[in-house]
Protein chains: 2
Amino acid sequence: MNSTRAHDTIRAVRWNSDRLELIDQRILPATEEYLAYQSADEVARAIKDMVVRGAPAIGVTAAFGVVLAARAAYARAPANWKALLQPDMQALAASRPTAVNLFWALERMQRYIEAIEGDPVPALLAEAQRIQDEDIAANYAMGELGASLMDAPGAVITHCNTGSLATGGYGTALGVIRSAYAQGKVSQVYADETRPWLQGSRLTAWELVRDNIPVKLLADGAAAHLMKQGGVTWAVVGSDRITADGSAANKIGTYSLAVNAKYHGVKFMVVAPTSTVDMSIDDGRKIPIEERDPEELLSVQGKRIAAQGAGAWNPVFDVTPPELIDAIVTERGIVRNPTPEKMLAMMKNG
Amino acid sequence: MNSTRAHDTIRAVRWNSDRLELIDQRILPATEEYLAYQSADEVARAIKDMVVRGAPAIGVTAAFGVVLAARAAYARAPANWKALLQPDMQALAASRPTAVNLFWALERMQRYIEAIEGDPVPALLAEAQRIQDEDIAANYAMGELGASLMDAPGAVITHCNTGSLATGGYGTALGVIRSAYAQGKVSQVYADETRPWLQGSRLTAWELVRDNIPVKLLADGAAAHLMKQGGVTWAVVGSDRITADGSAANKIGTYSLAVNAKYHGVKFMVVAPTSTVDMSIDDGRKIPIEERDPEELLSVQGKRIAAQGAGAWNPVFDVTPPELIDAIVTERGIVRNPTPEKMLAMMKNG
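Note that the structure is predicted; figures quoted are calculated from it, not measured.

(A) Here's a closer look at the overall build of chain A. Of the regular secondary structure elements, chain A holds 12 helices and 17 strands. On C-alpha atoms alone, chain A measures out to a radius of gyration of 20 Å, which is about the 20 Å that the 2.2 N^0.38 rule sets for 350 residues. Seen through its principal axes, chain A has C-alpha atoms that stretch 65 × 55 × 40 Å. Across the 350 residues that make up chain A, the buried fraction comes to 61%. Nonlocal contacts in chain A, meaning residues at least 24 apart in sequence, comprise 73% of its contacts between residues at least 6 apart. Of the roughly 12,900 Å² of accessible surface on chain A, 51% is carried by carbon and sulfur atoms.

(B) Expanded view of the sheet that holds strand β8 (residues 241-243) of chain A. Residues and elements named next belong to chain A. The strand order across the open sheet built from 4 strands is β11-β8-β9-β15, with neighbouring strands paired in mixed fashion. Each edge of the open sheet is held by one strand with a lone partner, namely β11 (277-278) and β15 (317-320). Note: β8 against strand β9 (residues 248-251), 2 bridges, orientation antiparallel. When the bridges of β9 are listed, isoleucine 242 appears paired with alanine 248. With respect to the sheet, helix α10 (residues 254-264) is in contact with β9 and β15, its orientation differing from that of β15 by roughly 30°.

(C) Main features of the relation of the copies chain A and chain B. Rotating chain A by 180° about the axis while translating it 0.0 Å along that axis superimposes it on chain B, leaving an RMSD of 0.1 Å. The operation mapping one copy onto its partner corresponds to a two-fold rotation axis. Interface residue correspondence from chain A to chain B reaches 100%, placing this contact among same-surface, isologous pairings.

(D) Expanded view of the interface of chain A and chain B. Across the boundary between the two partners, chain A contributes 53 residues, which contact 53 residues of chain B. Together chain A and chain B conceal approximately 4,300 Å² of surface at their shared face, both sides included; 68% is due to carbon and sulfur atoms. One can count 2 salt bridges joining chain A with chain B. Among the ionic pairs, glutamate 193 of chain B bridges to arginine 195 of chain A, the shortest N-O distance being 2.6 Å.

(E) How the structure looks around the pairing of strand β10 (residues 267-271) of chain B. All names here are of chain B. In terms of residue burial, β10 counts as a mostly covered element, since 4 of its 5 residues are buried. Inspection of the sheet shows strand β7 (residues 232-237) paired to β10 by 4 bridges, in the parallel sense. Within the sheet, the bridge partner assigned to valine 236 lies in β10 and is methionine 269. Sheet analysis places β10 next to strand β16 (residues 327-330), joined by 3 bridges and oriented parallel. Residue pairing across strands places valine 270 opposite isoleucine 328, the latter belonging to β16.

(F) Seen up close, the packing of helix α1 (residues 40-48) of chain A against helix α4 (residues 86-93) of chain A. Residue and element names in this part refer to chain A. Interhelical geometry of α1 versus α4 gives an angle of 10° and a closest axis separation of 8 Å. As the angle between them shows, α1 and α4 are arranged roughly parallel. Residues Ala40, Asp41, Val43 and Ala44 of α1 touch α4, and the partners they reach there are Asp88, Ala91 and Leu92. Residue composition of the contact of α1 with α4, by class: 5 nonpolar, no polar and 2 charged.

(G) Up close: the sheet that holds strand β17 (residues 333-336) of chain A. Read from one edge to the other, the open sheet built from 8 strands follows the order β17(A)-β16(A)-β10(A)-β7(A)-β4(A)-β5(A)-β6(A)-β14(B), with strand pairing classed as mixed. Only two strands of the sheet have a single neighbouring strand rather than two, namely β17 of chain A together with β14 (311-312) of chain B. Contacts from helix α12 (residues 340-348) of chain A reach β16 (327-330) and β17 of chain A within the one sheet, and its direction differs from that of β17 of chain A by about 175°.

(H) Geometry of the packing of helix α6 (residues 121-148) of chain A against helix α7 (residues 173-182) of chain A. Residue and element names in this part refer to chain A. Between α6 and α7, the shortest axis-to-axis distance is 7 Å and the interhelical angle comes to 65°. Note that α6 runs across α7; the crossing there is right-handed. Contacts between α6 and α7 involve Met142, Gly143, Glu144, Gly146 and Ala147 on the former and, on the latter, Gly175, Val176, Ser179 and Ala180. Of the residues that constitute the contact of α6 with α7, the class distribution is 4 nonpolar, 4 polar and 1 charged.

(I) Spatial organisation of the environment of leucine 28 of chain A. All names here are of chain A. Its location among the elements puts leucine 28 in the loop between β2 (19-23) and β3 (34-37). Residues leucine 28 and arginine 202, 174 residues apart in the sequence, show an inter-C-alpha distance of 6.4 Å. Sequence-distant contacts of leucine 28, that is, excluding residues within four places in its chain, are made with Ile23, Leu165, Arg202, Leu203 and Trp206.

(J) A look at the confidence of the model for chain A. Of all residues in chain A, 98% have pLDDT values of 70 or greater, and the mean over the chain is 95. Interface scoring of the predicted complex returns ipTM 0.94; its pTM is 0.94.

(K) Region of interest: unusual backbone geometry. Residue and element names in this part refer to chain A. In the segment running from arginine 195 into proline 196, the intervening peptide bond is cis, with an omega of 5°. Mapped onto the fold, proline 196 is located in the loop between β5 (186-192) and α8 (199-210). Positive phi, normally seen in glycine, also occurs at serine 17, with a value near 50°. Tracing the sequence through the fold places serine 17 in the loop between β1 (13-16) and β2. With relative accessibility at 60%, the residue serine 17 sits in the exposed group. Although it is not a glycine, cysteine 160 adopts a positive phi angle of roughly 60°. Along the polypeptide, cysteine 160 turns up in the loop between β4 (154-158) and α7. The buried category is assigned to cysteine 160, whose relative accessible area is 8%.

(L) Quick peek at the environment of glycine 221 of chain A. Checked against the element boundaries, glycine 221 of chain A lands in the loop between β6 (215-218) and α9 (223-229). Residue classification places glycine 221 of chain A among the buried residues on the basis of a relative accessible area of 6%. Distance from glycine 221 of chain A to glutamine 25 of chain A, taken between C-alpha atoms, is 25 Å for residues 196 residues apart in sequence. Once residues within four sequence positions are removed from consideration, glycine 221 of chain A is found in contact with Asp220, Ile252, Gly253, Ser256 and Asp318 of chain B.

Criteria and cut-off values
- Residues numbered from 1 in each chain as written.
- Chains lettered and ligands numbered in written order.
- Predicted model: local features only at pLDDT ≥ 70, side-chain atom pairs only at ≥ 80, totals over all residues.
- Heavy atoms only, no water.
- Helix = DSSP H or I, 4+ residues; strand = E, 2+ residues; numbered from the N terminus.
- Rg over C-alpha atoms; globule rule 2.2 N^0.38 Å.
- Buried < 20%, exposed > 50% of the residue type's maximum accessible area, 1.4 Å probe, protein only.
- Contact = heavy atoms within 4.5 Å.
- Areas by Shrake-Rupley, 256 points an atom, 1.4 Å probe, with all protein chains shown as cover.
- Pairing = 2+ DSSP bridges.
- Axes fitted to C-alpha atoms, helices over the stretch in contact; angles between N-to-C directions.
- Least-squares fit on C-alpha atoms with pLDDT ≥ 70 in both.
- Buried area = accessible area lost by both parts, 1.4 Å probe.
- Salt bridge = Lys/Arg side-chain N within 4 Å of Asp/Glu carboxyl O.
- Parallel < 35°, antiparallel > 145°, perpendicular 65-115°, else oblique.
- Nonpolar A, V, L, I, M, F, W, Y, C, P; charged D, E, K, R; others polar.
- Left-handed = near helix turned anticlockwise from the far one by under 90°.
- pLDDT = per-residue confidence, 0-100.

Written out as structure tokens, the structure is:
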């Protein structure tokens, strides 16, 4: 990964000697500040308060939270620390109730705990670090696979934040963009500002500026006009859930980007680890879509914009069907023009 | 227009005994305040400062500005007022250099001035009022024509602000929505918030709430997901310039909406008076697109959002080609599936 090192300098979650450090994503990019955590309780609150966001990053954070919980429990009761640990495990699990990676990481740590004898801290710390390292390794693998799909150098467009801030490091869609940029395949990154939460403006632009990759923001509604100008070769996005038919749920606005990509002959790539793939749902249209508080649209940056009496419709995700997706990239391989059969074959690979 | 009266209560520009009053669109919807103007100089500054916006509304405002200029000039020099007037005419013309309706209104007033003898105020006031009344009448006509295209009741979606605030009154696309709602053909209006200036949130939602038409705002990127749910029958938008081939330039984001409308089988209507039609341009791709200060995207509501070093691409308009437009509606008639021949025939009609 030598060639990409200059474009991979950020870790949102890091263990530093005896404490967990999280970059405070609520105040980026104005302020770059790592907050330090010495107890699982504080870590649970940090997840809840959105100091850290992005499903893989939350999973890694929770794993380190278990290390802190075990350290405290073992110090208090070396003979009985496994039982003492459970309230902290529950607090961590309750911190963000819908995050699949959070539960997955806690279960993995719990299984490991059951086999430990003596001081659990060195072993659990190693395991938490492995969870982070494996996530980064998966992102590197996806980065290489995704970049291999790009031939001619060109501009790419992305949506929301899928980078180091959202993962153990490097990123999913943004990891592909990092790898492709390092290989000279990306001339310019366009980032949707991503209303209503502006993750593109607040987080993606910050990451790319920090990592020396040229980025221009644009209004979500301007992406079609950009594609019409020519020059954009790929749209590269992440996913919160991929179903067995090759549909991909992702941040609201992704589906609009996919429709426009198809219309303009821009290729569309979805990048996500297999932990995101839910083979129990056979049709993307069955994915339930959460709707959030209309207030998030009626106000901007805490200031009321819309008239009293106006309503708003605020879905969190949309679903892009397989016919609009040129390639799904996971750490296990590439699925071109996804079908249920190809998805199954990819999941069985490894 | 009895049936629509409850849905047509707003005038952004109005003459009140001896002064011009403009609703201050910069502070809507938080504050509804009409500012009063007694001199052309103040009116020019109000246009420049965006107290009033929307090409037809600016034209009407400038016409009343000429009345104020003539009144002052005639009071100072009854024999020589026409010459004395010219600096004010120039100040009004310079207030917004690209607004075609502004020049059109000033030229119409100037032609009228040349024939006047004696006190010019009553005649010029009547002429300015005629300009406003004709604009409103054109909007009523377009409202009826556009509504006649809608058969089954359903939801509609619109972009930016094209209502009473942007025109002499009633509106273009929003005028069609007013008429169709009064006729029971619209169950719900969805309004794109319209980044980066948020005209949908700030202005369109306010107008519709005021005029008792149910409105829900949505992020621009959510329109595709909305159309996929079904229930939206028409997208109805305005235009800043329509070319001889039936292309329509409009606020950035309109083209994305049109691509998504085509993909989802939602019909797409462009509503604008013939004063917007530029038959000298034979191809919409030749319309120059202004790009504005990236800062408008990098900051939101005066607060810096994006990282230092991030760029932004901030085009003001995009162009929707005729193949994505089901109908262009002007005060002279409806052009279905626009072609150069049909555009020419419509322009010759009347």
